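# Coordinate analysis (summary)
So you can see what is in the structure, the chains are spelled out below.
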Amino acid sequence: MIESVDLSAQERAGRAFPVSWDQFHRDCRALTWRLNEVGPFAAVIAITRGGLVPAAIVARELGVRVIDTVCIASYEHDRQGELQLLKGISQSTQALGGGTGKGLLIVDDLVDTGATARLVRDLLPGAHFATVYAKPKGRPLVDTFITEVSQDTWIFFPWDLALTFQPPMKDGAG
């Protein structure tokens, strides 16, 4: 299975890190394995949109039935902009964490500059924050993660990729 990569985004980022569905699922299960030693958690809070898939996998593996979202816009395709809190965490989920987030698990796919993580940390300072991938600028804000990548790496998540035919290397493909 070969995946196509948007070279313009790769060139802007400096390095490309394409992640297949299989790899992402394995990384989410590895994250869950680490989180199992930290919990239990009363609820999982996904940071949308990137945190939806890992939060679903983590919640399933941990047996957590309460899943909420905090909706924050920070990227428009591949450009980072101003943070916008589009939807906060529900009052019932906040109550599970006693208003501070204690016993709650926040999940995202990636921490990049840390701007989104800071906003969510301010909302629930006592929650455990987990990401599948972490970049150095945002890494100090994360409690648990699986893979650290360099700041100039652009991660191509499986939901952003499409399968396309790739010509053989002998035909000039590289």
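What counts and what doesn't
- Residues numbered from 1 in each chain as written.
- Predicted model: local features only at pLDDT ≥ 70, side-chain atom pairs only at ≥ 80, totals over all residues.
- Heavy atoms only, no water.
- Helix = DSSP H or I, 4+ residues; strand = E, 2+ residues; numbered from the N terminus.
- Buried < 20%, exposed > 50% of the residue type's maximum accessible area, 1.4 Å probe, protein only.
- Areas by Shrake-Rupley, 256 points an atom, 1.4 Å probe, with all protein chains shown as cover.
- Core = buried A, V, L, I, M, F, W, Y, C linked by side-chain atoms within 4.5 Å.
- Contact = heavy atoms within 4.5 Å.
- Phe/Tyr/Trp six-rings, centres within 6.5 Å; stacked < 30°, edge-to-face > 60°.
- Arc of directions from axis to C-beta.
- Polar contact = N/O pair within 3.5 Å; in protein donor to acceptor, adjacent residues only side chain to side chain.

Broken down by element type, the chain carries 5 helices and 8 strands. Each helix (α) and strand (β) of the chain, taken in turn from the N terminus, gives the series α-β-α-β-α-β-β-α-β-α-β-β-β. Buried positions account for 42% of the 174 residues belonging to the chain. Carbon and sulfur atoms form 52% of the exposed surface of the chain, whose accessible area is close to 9,700 Å².

This part takes up the environment of Ile-106. Turning to its location among the elements, Ile-106 is positioned in strand β5 (residues 104-111). On the accessibility criterion, Ile-106 (1% relative accessible area) is buried. For the pair formed by Ile-106 and Arg-121, sequence separation is 15 residues and the distance between their alpha carbons is 9.2 Å.

Counting 23 residues, the largest nonpolar core has Phe-24, Leu-31, Leu-35, Val-44, Leu-105, Tyr-133 and Ile-155 as the members making the most contacts within it. For this core, the secondary-structure elements that each account for two or more residues are α2 (21-36), β2 (43-48), α3 (52-62), β5 and β6 (128-134). Ignoring any residue separated from it by four or fewer positions in sequence, one finds Leu-35 in contact with Phe-41, Val-58, Leu-62, Leu-105, His-128, Ala-130 and Thr-144. With 18 residues, the next largest nonpolar core counts Ala-43, Ala-117, Val-120 and Phe-129 among its residues.

Applying the stated criterion to the full structure yields 7 aromatic pairs. Ring plane angle 90° and centroid distance 5.8 Å describe the contact between Phe-17 and Tyr-133, whose orientation is recorded as edge-to-face. On the criterion of sequence distance, the pair formed by Phe-17 in strand β1 (residues 15-18) and Tyr-133 in strand β6 is long-range, its members being 116 residues apart. By relative accessible area, Phe-17 is classed as partly exposed at 27%. For Tyr-133, a relative accessible area of 0% puts it in the buried group. Ring geometry for Phe-24 versus Trp-159: centroids 5.2 Å apart, planes at 85°, classification edge-to-face. Within this pair, whereas Phe-24 is found in helix α2, its partner Trp-159 is found in the segment after β8 (153-156), the two being separated by 135 residues in sequence. In this structure Trp-159 comes out as partly exposed when scored by relative accessible area, which is 30%. Through successive ring pairs, a cluster of aromatic residues spans Phe-17, Trp-21, Phe-24, Tyr-133, Phe-157 and Trp-159.

So, on to helix α5 (residues 115-123). Listed as buried for α5 are Thr-116, Ala-117, Val-120 and Arg-121. For α5, the arc enclosing every buried residue in end-on projection is 130°, short of the 170-degree limit, so these residues lie on one face.

To continue, consider the side chain of Asp-68. If you trace the backbone, Asp-68 turns up in strand β3 (residues 67-76). For Asp-68, a relative accessible area of 9% translates into the label buried. In this structure the side chain of Asp-68 is engaged in a polar contact, spanning 3.2 Å, whose partner is the side chain of Lys-87. A distance of 2.8 Å separates a polar atom in the side chain of Asp-68 from a polar atom in the side chain of Thr-93. Residue contacts for Asp-68: discarding those within four places in its chain leaves Val-44, Ile-45, Ala-46, Lys-87, Ile-89, Ser-90 and Thr-93.

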